[in-house]
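Each chain, written out:
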Amino acid sequence: MESTMKDMRDGASVLDMDPKCTVGGGVEDVYGEDSATEDQLVTPWTISVASGYSMLRDPHHNKGLAFTEKERDAHYLRGLLPPACITQQLQEKKLMNSIRQYQVPLQKYMAMMELQERNERLFYKLLIDNVEELLPVVYTPTVGEACQKYGSIFRRPQGLYISLKEKGKILDVLRNWPERNIQVIVVTDGERILGLGDLGCQGMGIPVGKLSLYTALGGVRPSACLPITIDVGTNNEKLLKDEFYIGLKQRRATGKEYSELLHEFMTAVKQNHGEKVLVQFEDFANHNAFELLSKYRTTHLVFNDDIQGTASVVLAGVVAALKLVGGSLADHTFLFLGAGEAGTGIAELIALEMSKQVKAPLEETRKKIWLVDSKGLIVSSRKESLQHFKKPWAHEHESVGDLLSAVKAIKPTVLIGSSGVGRTFTKEVIEAMASFNEKPLIMALSNPTSQSECTAEEAYTWTKGKAIFASGSPFDPFEYENKIFVPGQANNAYIFPGFGLGLVISGAIRVHDNMLLAASEALARQVTLENYDKGLIYPPFTNIRKISAEIAANVAANAYELGLATRLPRPENLVEYAESCMYSPVYRMYR
Ligand SMILES: NC(=O)C1=CN([C@@H]2O[C@H](COP(=O)(O)OP(=O)(O)OC[C@H]3O[C@@H](n4cnc5c(N)ncnc54)[C@H](OP(=O)(O)O)[C@@H]3O)[C@@H](O)[C@H]2O)C=CC1
Ligand SMILES: CC(=O)C(=O)O
Ligand SMILES: [Mg+2]
């Protein structure tokens, strides 16, 4: 092989070589791959210089028709592109026109993924400039369907797959990733993908989607983002029987086998990427999620989006809603349907904020918060049999078996859905909320749209327009009795991009609960009077980069106060500093 390479460098023509080396119509079997028999090993050579044809195929550098005349000359692009030179703005217009032609959301998703693989900057330009329109395409709800069908829409692998097969070799696998300066990893094991359950290896759509938001909404460079799926098998029978399933066809590893693999992963991450890489756990089932978070929060920079990010975004919405419904946090009574990661995570952060505000112990403020799980209201008589994360919520009360009875018994002012089960806020439940509340706050957090506890239309009509409503997946504005109601989107996408940016720019080495409060506070104060007038408790996503910079600055400030920041000296103006660090998708000019 070496002599062949040398001949090439010395200018020997491919045609001078043994013509028998060429098969299947090819004329350049420079590396002898075609001539190798099937069981003969060959080296998969790659050309790494970004110029000419390879530059057009490289999504980090490709600009398509936006390459200027000068660039076309300088980078061997003449003839490889049609003559027209157009601007990035025109490319954007053309692509938006074409994406809008697709009627099926999954087709839009695939068009966006194809763009991301072809021209990364254009992908991010589109996403940033059209965020309200494209968020439901690259994120919830469409990403849920994409994960369900990942096996059949899968073209090129995105992200890094670490399966049980890689046990003992995870550090090597991490080193296979082409980028070196990773700042944020989003990792899932695919067991609780949105409210869609165990999608195994096909859950990869989630880390990929979350990280595109890290870049588009939070300004973290795409090359600093690494999506990872850990494949320990799946208990999804349908996938196990699917011949096109892309993951390990075995039931999920549990216990020691699971925790050893995860430990090897966490150790290798720190070894390969250092102390300051942020690992965001995403869509793990709750029987692993809480344990992973508590195990690694003291040794790594880790954050569980479903427990902590969701808590921060919901607290912000509730605090903002106080301007509409009145009273302080401690004046309200909360009832959750769903006592898992999201439910108990939110409950704990609300109780923490309340305890800071009223200077009362957490044990006291928790009493303002009630949760219902699949077995009914969580009460003290159930304590022995409850999972550990539910125990703090087992208050004194008689048994209550269902949500409607719980609503009638507790009379909450705020009703939060985090069950993953669609249409569980029935007409009776919502009417009951409206019967004893002037303005009931109703949050249907479950994703995707099919799992939402109720629709915006149901919340507004069943409360006769009294509800303040927000949901995890977006709903269109709804007209009721000649008034337009605009539902907010209570989704952790408001928090994690800015939160992560704040950790990155301050060089934080650990996540502290106060940082979640800081992020929440920064988000709540972005809601304007104009937003409130429309019934919104979150600012629109159109301003998300500004919002993310504010969140990042607040989180970073907190990291400095707590002595957890390593980027010294502390920048004077953290908002400006955060903004200056944010990735811009505008094309760079090439020399
Ligand atoms: N909007 C957002 O930003 C976010 C939304 N979510 C959404 O929240 C949902 C739940 O996520 P997560 O908390 O992680 O999931 P978990 O599996 O941890 O928790 C689900 C909870 O819902 C309960 N539950 C399930 N079915 C019913 C039912 N029919 N009636 C009453 N309770 C029920 C479960 O009860 P039991 O414990 O008895 O099994 C469990 O307590 C998902 O749909 C997810 O997409 C999650 C994170 C962020
Ligand atoms: C939004 C999110 O993280 C979830 O639904 O799991
Ligand atoms: Mg999630």
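The rules behind each value
- Residues numbered from 1 in each chain as written.
- Chains lettered and ligands numbered in written order.
- Predicted model: local features only at pLDDT ≥ 70, side-chain atom pairs only at ≥ 80, totals over all residues.
- Heavy atoms only, no water.
- Near = heavy atom within 4 Å.
- Polar contact = N/O pair within 3.5 Å; in protein donor to acceptor, adjacent residues only side chain to side chain.
- Areas by Shrake-Rupley, 256 points an atom, 1.4 Å probe, with all protein chains shown as cover.
- Helix = DSSP H or I, 4+ residues; strand = E, 2+ residues; numbered from the N terminus.
- Nonpolar A, V, L, I, M, F, W, Y, C, P; charged D, E, K, R; others polar.
- Buried < 20%, exposed > 50% of the residue type's maximum accessible area, 1.4 Å probe, protein only.
- Contact = heavy atoms within 4.5 Å.
- Donors = N, O, S within 2.8 Å, 3.2 Å for Na, K, Ca; no water.
- UniProt positions renumbered as here; feature names shortened; annotations may be inferred.
- Expected span 1.5 Å × (residues − 1).

1. Thoughts on the site of ligand 1
Then, in step 1: The immediate surroundings of ligand 1 are formed by 26 residues, with R192, N286, A339, S374 and K390 found nearest.
Then, in step 2: For ligand 1, an oxygen atom lies 3.4 Å from a polar atom in the backbone of S419.
Then, in step 3: N447 places a main-chain nitrogen or oxygen 3.3 Å from an oxygen atom of ligand 1.
Then, in step 4: Within the complex, 83% of the 930 Å² of free accessible area of ligand 1 lies under protein.
Then, in step 5: Only α15 (305-325) and α16 (341-358) provide two or more residues apiece to the shell around ligand 1.
Then, in step 6: Its residues assigned to classes, the shell around ligand 1 comprises 7 nonpolar, 14 polar and 5 charged.

2. Focus: the site of ligand 2
Then, in step 1: Surrounding ligand 2, one finds Y139, R192, L194, K210, E282, D283, D305, D306, N447, N491 and N492.
Then, in step 2: In the environment of ligand 2, an oxygen atom lies 3.0 Å from a nitrogen or oxygen atom belonging to the side chain of R192.
Then, in step 3: Taking D306, its side chain carries an N or O atom lying 3.0 Å from an oxygen atom of ligand 2.
Then, in step 4: For ligand 2, whose free accessible area comes to 210 Å², the fraction covered by protein is 91%.

3. A look at the side chain of T142
Then, in step 1: For T142, the position within the fold is in helix α8 (residues 142-148).
Then, in step 2: Residue classification places T142 among the buried residues on the basis of a relative accessible area of 5%.
Then, in step 3: Of note is the side chain of T142, whose polar atom sits 2.6 Å from the backbone oxygen of P136.
Then, in step 4: Each residue touching T142, except ones within four places of it in the same chain, is listed here: P105, L106, Y109, P136 and V137.

4. Quick look at the coordination of the magnesium ion (ligand 3)
Then, in step 1: Looking at the magnesium ion (ligand 3), the protein donor atoms are E282 (OE), D283 (OD) and D306 (OD), and they sit 2.1 Å from it.
Then, in step 2: Counting residues between consecutive donors of the magnesium ion (ligand 3) along the chain gives the motif E-D-x22-D. D283 shares its class with E282; the two are buried.

5. Here's the deal with the UniProt feature "domain: Malic enzyme N-terminal" (unreviewed entry) in the protein chain
Then, in step 1: UniProt annotation of "domain: Malic enzyme N-terminal" (unreviewed entry) refers to residues 116-297 when read in the numbering used here.
Then, in step 2: Here residues 116-297 is 47% helix and 11% strand, with 33 Å between the C-alpha atoms at its ends.

6. Here's the deal with unusual backbone geometry
Then, in step 1: Between T140 and the following residue, P141, the backbone shows a cis peptide bond with an omega angle of 10°.
Then, in step 2: Position of P141 relative to the elements: it lies in the loop between α7 (131-138) and α8.
Then, in step 3: The phi dihedral of D283 falls on the positive side, at around 55°, and the residue is not glycine.
Then, in step 4: Its location among the elements puts D283 in the loop between β4 (278-281) and α14 (286-296).
Then, in step 5: Of note, the phi angle at K464 is positive, near 55°, even though the residue is not glycine.
Then, in step 6: A relative accessible area of 64% means that K464 is categorised as exposed.

7. With respect to the environment of Q88
Then, in step 1: By the secondary structure assignment, Q88 is in helix α4 (residues 88-101).
Then, in step 2: Here Q88 falls in the buried class, since its relative accessible area comes to 6%.
Then, in step 3: Separated by 186 residues in sequence, Q88 and G274 have C-alpha atoms that sit 36 Å apart.
Then, in step 4: Among residues more than four places away in sequence, those in contact with Q88 are R121, L122, K125, P585, V586 and Y587.
Then, in step 5: Only 3.1 Å separates the side chain of Q88 from the backbone oxygen of P585, close enough to count as a polar contact.

8. Here we look at helix α22 (residues 513-524)
Then, in step 1: In this model, α22 (12 residues) spans 17 Å end to end at C-alpha, consistent with the 16 Å of a helix rising 1.5 Å per residue.
Then, in step 2: Within α22, 9 of the 12 residues are buried, which leaves the element mostly enclosed by the surrounding structure.
Then, in step 3: For α22, the full list of buried residues reads M515, L516, L517, A518, A519, S520, A522, L523 and A524.
Then, in step 4: Considering only its buried residues, α22 is in contact with β5 (302-304), α15, α16, α21 (496-506), α23 (529-533) and α24 (544-561).

9. A word on the UniProt feature "active site" (unreviewed entry) in the protein chain
Then, in step 1: Under the present numbering, the feature "active site" (unreviewed entry) in UniProt falls on Y139 and K210. Sequence-wise these annotated residues cover 72 residues; spatially they are packed, their C-alpha atoms never more than 7.4 Å apart.
Then, in step 2: Mapped onto the fold, Y139 is located in the loop between α7 and α8.
Then, in step 3: Setting aside anything within four residues of it in sequence, one finds Y139 in contact with K210, L213, N491, N492, A493 and F496.
Then, in step 4: Positionally, K210 belongs in helix α11 (residues 205-216).
Then, in step 5: Apart from residues no more than four positions distant in its own chain, K210 is found in contact with Y139, V186, Q280, E282, D305, N492 and F496.

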